[in-house]
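# Structural overview for review
These are the residues of each chain, in order.
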Amino acid sequence: MNNQLYGHLIFELSHEGRCAYSLPKNRFGDYELQSYLRRATDAQLPECDELTVVRHYTNHSANNFGVNNGFYPLGSCTMKYNPCINEEVAAMPQFANLHPLQPAETTRGAQALVTLLNHSLCELTGLATFTFKPFAGAHGELTGLMVIRGYHESRGDLKRTKVIVPDSAHGTNPASAAVCGLEVVEVKSLEDGTVDVEHLRTLLDDTVAAMMMTNPNTLGLFEKHIPEIAAMVHDCGALLYYDGANLNPMLGACRPGDMGFDVMHINLHKTFSTPHGGGGPGAGPVGVRKGLEDFLPCVSPYQGNFAVMMRAYAYILTLGRENLKMVGPLATLNANYIKESLKDLYLLPIDGLCKHEFVFDGLKDKSTDVTTMDVAKRLLDYGYHAPTIYFPLLFHESLMIEPTENESKDTIDRFIEVMRRIAQEAAECPEEVKSAPHHTPIGRVDDVLAAKHPVVTWRQLQAETAQTEQP
Ligand SMILES: *Cc1c(COP(=O)(O)O)cnc(C)c1O
């Protein structure tokens, strides 16, 4: 990063009296603000000229890392390429400028899009209908569990208060169940990483409302016993929920509805491409099988995150029926290629075929003291986003890699080469890895201090600096 402004806070660039723009002449006459609305003192805002402001924020934005900068193998998050045409479509003024309260007869196009996207998702998943109101996967989980609770309540079956969740599940699964007022019961995984069906059998009774499953699960492994699990869950009167965050490798291969799932969410921002680094935006439409339509609750006003829906529909149309079928197989091929190319140097706790992602348990050579965190930080020096680390919780040194279907063999080969080089560095010069990153604008951050004692405003920084400078 080569610019003298980098590292400054906008307040440090401030000069009294400088201004980035001029307000137009007052065309509205005098209006006295009531005294309780008036400031007693001036707002403490930075005073800068326009060019300084533009450079400041442009330089900061250049420090972001996104899919458009480089390889982004963040497991569980499906950081696939977000085609530019999605953005053009989402920005079309005919859609972007709609107001949610304008008369329905003037928004027919938007309504048609919702209907068409609903049809596409039903066809891809084998379910009956979707609601588009939830704003993310986690919001969809809560919505789906509300559907399930509503279903049991409608039958007067009020003792069903438990939700079974595999120990490999994403943290949002137990969190959503708890928010929905349900009790979480954990089902164990077998050595091979899939759900222990025998353990599950002991947990199922007439107090179970639902079982939540992710398939492929968060280890990237295909749960082979879904038909058997679905029969067991249904036999005890409960419903089966599908966490669709890992729908990507299933596209074109199989459908949750055909496997016996009753309710699911889709993370549109993952599987159907919307830039979602840093926490948003997202959409978590919830689909249900026939017979559950009436239990879909209204969890947000209007149509949910409409621009994400537009991107998803653009993506589906861009690929088309034939190419959508290639998404799953290519994502799976890429993940297996990386896994097989690195498993001599990185510990692969569960061998065998994975789907779109897989998990290493750190470096194979444990004598070097180099951790998953160190490997992740060192990758930044080589221009890669780090994989997901320390999740899932089944292993101590989880390093979870999801390449997606988009990457070329060249990109993947270069990544493999860098991962191998880091393993070599860990053996020959571990300090180099343990003190990484060396080439990023900010070096190794003290995560614990940052979390325990965040300094998030200029005034707080000033106050603390003044304090430490006191004799
Ligand atoms: C991402 C993810 C979620 C949560 O989805 P959000 O859209 O981030 O709320 C749930 N489960 C799994 C397996 C995920 O990967």
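We now turn to the structure provided with this report. (Residues numbered from 1 in each chain as written. Predicted model: local features only at pLDDT ≥ 70, side-chain atom pairs only at ≥ 80, totals over all residues. Heavy atoms only, no water.)

In this section: the sheet that holds strand 7 (residues 286-288). Read from one edge of the open sheet, seven strands run 1-7-6-5-4-2-3, paired in mixed fashion. This sheet does not close on itself; its edge strands, each paired only once, are strand 1 (129-131) and strand 3 (183-187). Adjacent strand axes in the sheet meet at a mean angle of 25 degrees, parallel and antiparallel pairs treated alike. As defined by bridge partners, strand 4 (residues 208-214) adjoins strand 5 (residues 239-244) across five bridges and the pair is classed as parallel. Within the sheet, the bridge partner assigned to Ala210 lies in strand 5 and is Leu239. Across the sheet, helix 8 (residues 226-235) touches strand 4 and strand 5, and the angle it forms with strand 5 is around 135 degrees. (Pairing = 2+ DSSP bridges. Helix = DSSP H or I, 4+ residues; strand = E, 2+ residues; numbered from the N terminus. Axes fitted to C-alpha atoms, helices over the stretch in contact; angles between N-to-C directions. Contact = heavy atoms within 4.5 Å.)

Turning our attention to helix 8. Looking at helix 8, one finds that the buried residues are Ile226, Ile229, Ala230, Met232 and Val233. Buried residues of helix 8, viewed axially, fall in a sector of 165 degrees; they line one side. Helix 8 presents Pro227 and Asp235 as exposed residues on the side facing more than 90 degrees away from its buried surface. Taken together, the buried residues of helix 8 touch helix 7 (197-203), strand 4, strand 5 and helix 9 (256-259). A positive backbone phi angle near 90 degrees is found at Gly237, which sits one or two residues after helix 8. (Buried < 20%, exposed > 50% of the residue type's maximum accessible area, 1.4 Å probe, protein only. Arc of directions from axis to C-beta.)

Of the two faces of strand 10 (residues 398-401), the one carrying Ser398 and Met400 and the one carrying Leu399 and Ile401 are both buried. With two bridges joining them, strand 9 (residues 388-389) and strand 10 adopt antiparallel strand pairing. Following the sheet pairing, Thr388 is matched in strand 10 by Met400.

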